[in-house]
Amino acid sequence: MKTNKYIALGLCTLALSFSSCEDYLEVNENPNQALDAPAENVITAAMVSAMVAHSGEDARLAGMWTQQFTGVDRQYAAFDVYNVTAADFDWGKYYYGIIEQSKIVIEKSTATGNTLDQGMAKVMQAHSYGMLASVYGDIPFSEANQFPAIENPKFDGQVSVYNGVQSLLDDAIANLANSTGLIASADLFYGGDPVLWEKLAYTLKARFYMHTKEYPLALAAAVNGITDAADNWMTSHGDAETSSYNANYNMYYSFLQADREGYMIAQGAFLPSILDPASATSRGNTKTDETARFNDIFMDDPTNTGTLILNHLGMWTAISQFPLATAKETHLIMAEVNARNNADQAAVDHLNHVRAILSASYSTGTYDDYVLTDFTPTTGLADEGKGSVNANILYEVVQEKYASLVGQMEAFNDLRRTDNLIGLTAKGTQGLPQRYIYPQLELNSNTNAPAAVSIFTKTAVNN
């Protein structure tokens, strides 16, 4: 596979992490190969790695397994029908590219008293640990990245990891609330703004409390999270499209147009079937016209009329920012928890906030506010056939979140947590996938690695 600029930078972070572990190298014999770097440089490397890891292969796999997309060629045709092996998975991009680099930043910034950099690094660590736990279950956490002192880190239980992630986010919030030190100009996400990083930390707390089904705690955290779309946590890419491949591409664009064109499309997927106004299963109604959103995400292949692909002229351009955590997610968390608490009006209020964000994004779409009577069984325009106003609201919220998280790993977490509330049909007799499986490299090299597991074995929080 070709390498773009972000991947190249990500590999640089790996090289840096390995050099930080090799304490036997006492003399730098190559003046062109740095053995150390300032915290600001390292945190930038960690941020680039976060963009690569969280919007790359793992996100695409989640998109196929939640039937937002369809794998149709080579290994992606196999992935689409759940045919994967341990060799298809890799978590080094998280442990070395993000977590290790953030650890270096924390150590350096602790020494200098820069609590801003500490807070940002802890948020990125927590994000990666939480997302790893969400898809793999038990993972190295308390003993992770302590080589050579610990060569074979133990695998902590999934719930224990989530508890550790929440503590890490609490520490980050404390650092950010009392941040000192220079504003980090190297911050690719928020320009060193501690208030925005703190909001992000709360949204991540809410997300991970949802994973563990601690719904009251999720609601309490979400209130302090990202609630304005202007504060979304987004990847950043180039200012203009370029004919040069080694450019600062959106990772989806790079895969779809430069790396593996034709491997992953959207033909026959579930998401376009509910967004396409022409579909018999469209979620549209007199208050909802999804034409603009559908066309932003999907398009007909201009070289093969009738084949639906991802729109590289819309959402998936070379310069498109990619969402990692957003106001839509935060409000939909609050909507779901309120619906689960039978607080129907509060749930609809948060759902309407998301619809307002959609209306602002798609000026030619229609997302009028819902009222409670719209969910009345039989007569309501948003009746989902679930038998009650509350059940219809919950379904609408979960389905909206599925659509709003297009292309993100988090859609796979919601699918499993809600026990497939949106109603996907599995592509096989064993049901829908329940996890990613441990990377072969880890199974080969870590004597504490658990026995290989099936993708159909549920993780602890979803049992």
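Details of the structure are given in the entry above.
Since the model is a prediction, treat every value here as computed from it, not as a measurement.

Thresholds, definitions, all that
Residues numbered from 1 in each chain as written. Predicted model: local features only at pLDDT ≥ 70, side-chain atom pairs only at ≥ 80, totals over all residues. Heavy atoms only, no water. Buried < 20%, exposed > 50% of the residue type's maximum accessible area, 1.4 Å probe, protein only. Helix = DSSP H or I, 4+ residues; strand = E, 2+ residues; numbered from the N terminus. Contact = heavy atoms within 4.5 Å. Salt bridge = Lys/Arg side-chain N within 4 Å of Asp/Glu carboxyl O. Core = buried A, V, L, I, M, F, W, Y, C linked by side-chain atoms within 4.5 Å. Expected span 1.5 Å × (residues − 1).

1. Topic: helix α3 (residues 57-65)
- Most of α3 sits out of view: eight of its nine residues are buried.
- Of all the positions in α3, only D58, A59, R60, L61, A62, G63, M64 and W65 are classed as buried.

2. Side note on the side chain of Q125
- Note that Q125 resides in helix α6 (residues 115-136).
- Setting aside anything within four residues of it in sequence, one finds Q125 in contact with I99, S102, K103, I106 and L168.

3. Observations concerning the pattern of salt bridges
- According to the stated counting rule, one finds 21 salt bridges in the structure shown.
- Linking D170 and K205 is a salt bridge whose minimum nitrogen-to-oxygen distance equals 2.8 Å. Taken together, the residues span a long stretch of sequence, with D170 in helix α7 (residues 158-177) and K205 in helix α8 (residues 194-211) at a distance of 35 residues.
- A relative accessible area of 6% places K205 in the buried class.
- Here D414 makes a salt bridge to K401, at a shortest N to O gap of 3.0 Å. Here K401 lies in helix α15 (residues 389-404) and D414 lies in helix α16 (residues 410-417), a separation of 13 residues in the sequence. Across this residue pair, the class does not change: D414 and K401 are buried.
- Linked by salt bridges that have partners in common, R283, E290, R293, E396 and E400 make up one network.

4. Considerations on the nonpolar core
- Within the largest apolar cluster, 117 residues are counted, with the highest numbers of intra-cluster contacts made by W65, W197 and W316.
- Among the elements that take part in this core, α6 stands out by supplying twelve residues, more than any other.
- With near-sequence residues (within four places) excluded, W65 lies in contact with F79, Y82, V84, F89, F412, L415, L424, P433, R435, Y436 and I455.
- Counting residues in hydrophobic clusters, the runner-up holds ten residues, among them Y209, Y215, M334 and V337.

5. Concerning helix α2 (residues 39-54)
- The terminal C-alpha atoms of α2 lie 22 Å apart, and with 16 residues this matches the ideal 22 Å at 1.5 Å per residue to within 8%.
- For α2, the buried fraction is high: 13 of the 16 residues fall into the buried class.

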